[in-house]
Structures are given as C-alpha cells and as structure tokens.
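# Commentary on secondary and tertiary structure
Okay, here's what each chain looks like letter by letter:
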Amino acid sequence: MTDSIKRVEIEMYNELFIKDNYVFVQKWSPTKPPILYEYPYKSNNVLNALGDIIDEYIRIYPSDDYFSIDYIKNSIFERREDNKYLCGFPISPTSLNNVFSILGEKDIQTFSLNDIEDLRLNGQFNITPKHLSNVTEKGYSFIVNNIDDVLMALIYYYTKNNLKLVKCVHCGRWFATSSLKNEYCDRRSPIEKYSHLNCYEAVQNIRQQCRRIRNRIYNNAINTVKGQRGENNNYIIDFNNECSKYCDTDKPTQIMPSIGNLTAYYTYLKQKYKEKGWL
C-alpha cells in the first residue's frame, strides 16, 4: 500500500530548476522507475527565459487584449481537446492572465521581496524556493504545478538576484537585467533579413540603411533642376514631416527602434525613392 502511494506522488512531481546559466522543468516518468527526465522546455539563457515562455504563449494564443470581455468569453468555449502545452503543462487562452496582470502595461518592472510577499499573501504566488543542494551549483528549485508557477518562480529568482525586468525596445520581449540602461536583449532580431544579428546590431544596421535612403532622396530633391529652382521645397517639407513620424519626438534624428516602426519606415522610404517624386 505504501509503495502505491509513493508511486502516485512520483507521477505528480514536477520540479523547476533555475541555475546560473539555464532553466528547465523535470518530471518523474509515470511509466518507468522513479528517475528524472527533462520535459520538455529548456532555455540556455536564464535572463531571457520568462520572456521566451511568454513569447511562445503569445504565438499560441495571439491577442491584443487578454482581458477583453470578448477574448475571455471566447476562451470559455474552447474545447478541452484543443488545449496546447507549454513547458510540459497544459495551457488555456487565459493561463497567463495572472502573470500579465502582475507585469502590467509598463515596459519596465522592478520587484522587491516585499512585493513578492504581497503576491504570496494575495494568493498570486504559491510556490516555495529551495536552494540547490549541490554546493557546486548556484540557484533554486521549485515544485511547480502549472505554467503560472514556472513564470512566478522566474520572477522570484530575478527579484532575489536584484534583476529588473525590461521589454526589449526592438523585439518587445521581456528580459532580466542588472541595469535599466540596457534597453536591448541579446536575442537575434525577429526581422528575417537581419536575424543573424542581435537586436541592438539589427537596429543600428537598419537605421543606417534608412538614413542612407533618406539622404539620397533629400539630395536628389535639392540637386535636380526643379530643386535648384526651389520648386521642390514643398516636396522636401512634406517628406521631412513624414520622416519625423518615425523618429523619437525628444530626439528628432533618432529613428524609433521597434520592429513595426523600423519596418514601416524602411518600406516608406523604399517606396518614396521608387516613385522619384522629386523629378
């Protein structure tokens, strides 16, 4: 009888490990003797782990507003067999609403251990960290029962290590950092043509391309016969005004680095150059 009870406990045992350089979930195999196996999520970058999981969830359940009445109403009627899995746990369209509410709408979040305690008292943080027993490893393990537990454990880990959560100004994914001066994560850019570059490098590259095209259009507009006669003045004014919409209002020469803005600006410039409206 005792053996059967232990067997049931083993089958329900899920453990999240967060170490210096990687994070993974392990489960006891229900079909084998009690040995651990990796299942199925692993990240080689702890600082990006929370953002990577959230990004994958958004890919599975895309929405502009996870708290809208229509979204929640539609999620209620999703068939159970349609449920997806993330980090080895079944998820639904509202699985991350607790974490989304905690992160809020800001692009920067800092938590204190008092904040974590408040979340625990409010029932939003239900897991207990345990130091890894191996003295050669630094980190924590957590007993986790769902994807919410995994993300809350990561938030605890970041807070305990004095890390801040920031949304990358380019790709929009969360990452943890020791300094709020870091605006870019170290992931590869999602823009296909620049996916061999990290987010910061991609932004600098695209900005340079945009500046070159803009200067080409401007120089063409003032150096043609019409331009030298002043007939392109209105064209230049309108062009400069349109370009300014893609730049930071506080830094007029700085093109805003988000994927959507860079893509839209580059597309606009290419089309404007193709039209040759200065002739």
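This text gives an overview of the structure that appears in the document. (Residues numbered from 1 in each chain as written. Predicted model: local features only at pLDDT ≥ 70, side-chain atom pairs only at ≥ 80, totals over all residues. Heavy atoms only, no water.)

### Observations regarding the overall build of the protein
Let me state the cut-off plainly: Put simply, DSSP marks the helices as runs of H or I at least four residues long and the strands as runs of E at least two long, and each gets a number from the N terminus on. Only protein chains enter the calculation, and the probe is 1.4 Å; a residue is then buried if its accessible area is under 20% of its type maximum, exposed if over 50%, and partly exposed in between. The criterion used for residue contact is that any of the two residues' heavy atoms lie within 4.5 Å. Residue-level accessible areas treat just the shown protein chains as cover; the underlying method is Shrake-Rupley with a 1.4 Å probe.
The helix and strand tally for the protein stands at 10 helices and 10 strands. Expressed as a percentage of its 279 residues, the buried residues of the protein come to 40%. Restricting the contact set of the protein to residue pairs at least 6 apart, pairs at least 24 apart contribute 52%. Roughly 16400 Å² of accessible area belongs to the protein as shown, and the carbon and sulfur atoms make up 49% of that amount.

### Focus on the packing of helix H7 (residues 199-223) against helix H10 (residues 259-275)
A pair of packed helices is characterised by two quantities: the angle between their axes and the separation of those axes. To keep it simple, the criterion reads: Every axis corresponds to a line fitted to the C-alpha atoms, with the helix fit spanning only the stretch in contact, and the corresponding angles, defined between N-to-C directions, vary from 0 to 180 degrees. Oblique is the label for every angle not falling under 35 degrees (roughly parallel), over 145 degrees (roughly antiparallel), or within 65 to 115 degrees (roughly perpendicular). Note on convention: near helix rotated counterclockwise from far helix by under a right angle means a left-handed crossing. Clockwise means right-handed.
For the pair H7 and H10, interaxial distance at closest approach is 10 Å and the crossing angle is 25 degrees. On the basis of the axis angle, H7 is roughly parallel to H10. Relative to H10, the crossing made by H7 is left-handed. Judged by residue contacts, Val-203, Ile-206, Arg-207, Gln-209, Cys-210, Ile-213, Arg-214, Arg-216, Ile-217 and Asn-220 of H7 engage Leu-262, Tyr-265, Tyr-266, Leu-269, Lys-270, Lys-272 and Tyr-273 from H10.

### A short note on the environment of Ile-116
Mapped onto the fold, Ile-116 is located in helix H5 (residues 113-121). Judged by its relative accessible area of 5%, Ile-116 is buried. In this structure the C-alpha to C-alpha distance between Ile-116 and Tyr-156, which are 40 residues apart in sequence, comes to 6.9 Å. Here Ile-116 is in contact with Phe-125, Ile-155, Tyr-156 and Thr-159, once residues within four sequence places are set aside.

### Looking at the sheet that holds strand E9 (residues 164-167)
Test applied: Any two strands between which DSSP finds at least two bridges are classified as paired.
Strands sit in the order E6-E9-E10 across an open sheet of three strands; the sheet is antiparallel. At either margin of the open sheet sits one strand with a lone partner, and together these are strand E6 (108-109) and strand E10 (174-177).

### So, a nonpolar patch on the surface
Test applied: Residues form patches when they are more than 30% accessible in relative terms and have no salt bridge. Like charges link within 9 Å. Nonpolar side chains (Val, Leu, Ile, Met, Phe, Trp, Tyr) link within 5 Å. One speaks of a salt bridge when a side-chain nitrogen belonging to Lys or Arg is within 4 Å of a carboxyl oxygen belonging to Asp or Glu.
Side chains of Phe-67, Ile-72 and Ile-76 sit close together on the surface and give an oily, nonpolar patch of about 280 Å² of accessible area. The partly exposed category is assigned to Ile-72, whose relative accessible area is 32%.

### Considering H10
Inclusion rule: To estimate how far a helix should reach, multiply one less than its number of residues by 1.5 Å. Working definition: the arc comes from the directions between the helix axis and the C-beta atoms, pointing outward to the latter.
Given a rise of 1.5 Å per residue, 17 residues ought to cover 24 Å, and the 24 Å separating the end C-alpha atoms of H10 matches this to within 8%. Turning to H10, its buried residues are Asn-261, Leu-262, Tyr-265, Tyr-268 and Leu-269. Looking straight down H10, one finds its buried side chains confined to an arc of 135 degrees; they lie on one side. In H10, the exposed positions angled more than 90 degrees off the buried face are occupied by Gly-260 and Lys-274. In the core, the buried residues of H10 are packed alongside H7 and helix H9 (233-244). Just beyond H10, the residue with positive phi is Lys-276, at close to 55 degrees.

### Here we look at the side chain of Asn-97
Assignment of secondary structure puts Asn-97 in helix H4 (residues 97-103). In this structure, Asn-97 is in contact with Tyr-66 and Phe-67, ignoring residues within four places of it in sequence.

### Points about the pattern of salt bridges
For the coordinates displayed, the defined rule picks out six salt bridges. Note that Asp-52 and Arg-187 form a salt bridge whose closest N and O atoms lie 2.8 Å from each other. Of this pair, Asp-52 sits in helix H2 (residues 46-60) while Arg-187 sits in the loop between E10 and H7, placing them 135 residues apart in sequence. Look at Asp-52 and you get partly exposed, because its relative accessible area is 24%. The partner of Glu-117 in a salt bridge is Arg-120, with the nearest N and O atoms 2.6 Å apart. Of this pair, Glu-117 and Arg-120 both sit in helix H5, three residues apart, which is roughly one turn of the helix.

### Quick word on the side chain of Ser-189
We count it as follows: N or O atoms within 3.5 Å of each other form a polar contact, as long as, within protein, one can give a hydrogen and the other can take it, and as long as residues adjacent in sequence are counted only when both atoms are side-chain atoms.
Relative to the helices and strands, Ser-189 is located in the loop between E10 and H7. Of the polar contacts made by the side chain of Ser-189, one reaches the side chain of His-170; its length is 2.9 Å. What Ser-189 contacts, discounting residues up to four positions off in sequence, is His-170, Tyr-194, Ser-195, Leu-197, Asn-198, Cys-199 and Ala-202.

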